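Notes for the structure review
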Amino acid sequence: MSPLFNNISKQLKCRSREALSYLFNYTKSKPSDSVRAVIFAQGRTGSSLLESLLCSSRHFRQNGELLSVAHGEVLFPTHFIRGLSKWKSGNNFIFHVKVYQLTVDRRRPIDPASFMQGLYSEGWKVIYLRRRNKIKHALSNVLAEHRGAYHKYEDNKEDFKILVDCQRFLERINNRMRIEAAEKDALENIEYHEVVYEDDL
């Protein structure tokens, strides 16, 4: 199959899932015994690892970054997430989201505080995942870009040198700090369980 056909097929699948999620949002009730959870985190904090670990308990089924624009921009994120959690109600439901997937990544930005508060008010459990060391956090991005992959699944030793642009690196660190401030603003008045990369993962 051609790359164009694969891309069209992927987009049609995503749009069909989105439409069905809206339908289930309005036609199906949430099972009273199900747990719904969201991991709120920046990239390179271990959010995929944390979700994978929680799913390995078999209490959840992995959903990943449902609002990533790689799947196409979801028109109504809250309705989509709520409907999808009702549709997939055979299990407890978990996904993870980044603050910039709600703002700068979207043509139609939404307020992260309203999004998170909306889920929280409906009983969602909020897990806030962060990295304390912003220097290593920024360096993790540089390493991933140099490697050409954001996840490393093998234990093989890597041996390479990276030339770091110091000014650009400082900008990365400052950006990580700005994003964390935006995350904390979004979580104001919300009870959450905090997970720190350096301590817990």
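For the structure, check the block above.
Residues numbered from 1 in each chain as written. Predicted model: local features only at pLDDT ≥ 70, side-chain atom pairs only at ≥ 80, totals over all residues. Heavy atoms only, no water.

1. Remarks on the side chain of Arg176
- Inspection of the secondary structure assignment puts Arg176 in helix 7 (residues 166–186).
- Buried and without a salt bridge, Arg176 has Glu183 as its closest oppositely charged side chain, separated by 7.1 Å.
- Residues within four places of Arg176 in sequence aside, it is in contact with Gln42, Gly43, Arg44, Tyr100, Lys134, His137 and Asn141. (Helix = DSSP H or I, 4+ residues; strand = E, 2+ residues; numbered from the N terminus. Buried < 20%, exposed > 50% of the residue type's maximum accessible area, 1.4 Å probe, protein only. Lys, Arg positive; Asp, Glu negative; His and termini not counted. Salt bridge = Lys/Arg side-chain N within 4 Å of Asp/Glu carboxyl O. Contact = heavy atoms within 4.5 Å.)

2. Points about the sheet that holds strand 2 (residues 60–61)
- What the five strands build is an open sheet, ordered 2-3-1-4-5; its pairing is parallel. Unpaired on one side and paired on the other, strand 2 and strand 5 (193–196) mark the two borders of the sheet.
- Bridge count for strand 1 (residues 36–41) against strand 3 (residues 92–97) is five bridges, and the pairing is parallel. Residue pairing for strand 3: Val38 is matched across the bridge by Phe95. (Pairing = 2+ DSSP bridges.)

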